[in-house]
Amino acid sequence: AQSVAQPEDQVNVAEGNPLTVKCTYSVSGNPYLFWYVQYPNRGLQFLLKYITGDNLVKGSYGFEAEFNKSQTSFHLKKPSALVSDSALYFCAVRALRSGNTPLVFGKGTRLSVIA
Amino acid sequence: NAGVTQTPKFQVLKTGQSMTLQCAQDMNHNSMYWYRQDPGMGLRLIYYSASEGTTDKGEVPNGYNVSRLNKREFSLRLESAAPSQTSVYFCASSPGIQYFGAGTRLSVL
C-alpha cells in the first residue's frame, strides 16, 4: 500500500528565510512524487514532480524538492520565503509502474510566512 | 484554457436531499477523480475513472455514486445527503500529473 506522511501540520517562517516542508513516503517499487499547493478557496495547483534522474527537482515559483531514496523523503524547499508563499502544501505519491492509479496525498502542511 | 470545470461552486442541502456534482475537462485526459477535503484529513479519494466506461471505488465511496458520461464528464451523485458529507469536493483529471478543479463547497444541514 502507498502512503505519505507530512509530519508537521504547520510551519512558520520569517520572510526571506529558507523554508522546508517535510514529506516521507512508502510505496512498492520506485516512486512518482509530487508537491501541490492550495491557496484559500482554490483547487490544488501542481508545483513539481520527481520521476527519475537528479535528486534535486526544480518547480514553479522558486520551489525545489530533494528526493532521498534511503530516507524515503521528498522535502519541499525554497531558499528565501515570501509572504505570498503562505498556503497549504500537499505531498503525493504513487508507484511509478502503476499506470494511472490515483495519487495518495498527505494530510497537508500549512505554511505561514511572516513579514 | 478552461481545464477542469466543476459546478456548482456552492450548495446547501437538507438531510435526505439528493444532488449531482458535475465535472468536465477539456484536456482529453483518460483518467478522472473525485476527492473530498476535510480539515486535518487531507484529500481522500471517493471514486475514480481510469478511462471512459470504467469506474472504481476509492477510500471513502459510501454514500456516493459516479457516472463517467463520456471522456470529458465525470459526475458525482449524493442520493440521500447526510451531514457527514459536508465537505469541499474536488474533481481532477490526469495523464500523470493531476489537474484540479476549483472545488464545490457543500453543506448538508
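Going by the structure above, here's the rest.
Worth saying up front: this structure is predicted, and the values here are computed from it rather than measured. (Residues numbered from 1 in each chain as written. Chains lettered and ligands numbered in written order. Predicted model: local features only at pLDDT ≥ 70, side-chain atom pairs only at ≥ 80, totals over all residues. Heavy atoms only, no water.)

(A) Looking closely at unusual backbone geometry. The omega torsion of the bond from Thr7(B) to Pro8(B) falls at -5 degrees, within 30 degrees of zero and hence cis. For Pro8(B), the position within the fold is in the loop between β1 (4-7) and β2 (10-13). Even without being a glycine, Asn41(A) presents a positive backbone phi close to 60 degrees. Within the secondary structure layout, Asn41(A) lies in the loop between β5 (31-38) and β6 (44-50). A positive phi is found at Asn28(B), a non-glycine position, where the angle reads about 60 degrees. Within the secondary structure, Asn28(B) is located in the loop between β3 (19-25) and β4 (31-38). (Helix = DSSP H or I, 4+ residues; strand = E, 2+ residues; numbered from the N terminus.)

(B) Highlighting the pairing of β5(A). All names here are of chain A. In terms of residue burial, β5 counts as a mostly covered element, since eight of its eight residues are buried. Residue alternation in β5 divides its side chains into two sets, Pro31, Leu33, Trp35 and Val37 and Tyr32, Phe34, Tyr36 and Gln38, and both sets are buried. Two elements, β5 and strand β10 (residues 87-95), share eight bridges in a ladder whose sense is antiparallel. Following the sheet pairing, Val37 is matched in β10 by Tyr89. In the sheet, β5 pairs with β6 via six bridges, with the strands oriented antiparallel. Counted as the bridge partner of Trp35 is Leu48 from β6. Between β5 and the antiparallel strand that follows it, β6, lie five residues; Asn41 among them carries a positive phi value of about 60 degrees. (Buried < 20%, exposed > 50% of the residue type's maximum accessible area, 1.4 Å probe, protein only. Pairing = 2+ DSSP bridges.)

(C) Spatial organisation of the pattern of salt bridges. Under the defined criterion, the tally for this structure stands at six salt bridges over all chains. Two residues, Lys78(A) and Asp85(A), come together in a salt bridge whose shortest N-O distance is 2.8 Å. An identical accessibility class is assigned to Lys78(A) and Asp85(A); each is buried. Connected through shared salt-bridge partners, Arg36(B), Asp38(B) and Arg44(B) make up one network. (Salt bridge = Lys/Arg side-chain N within 4 Å of Asp/Glu carboxyl O.)

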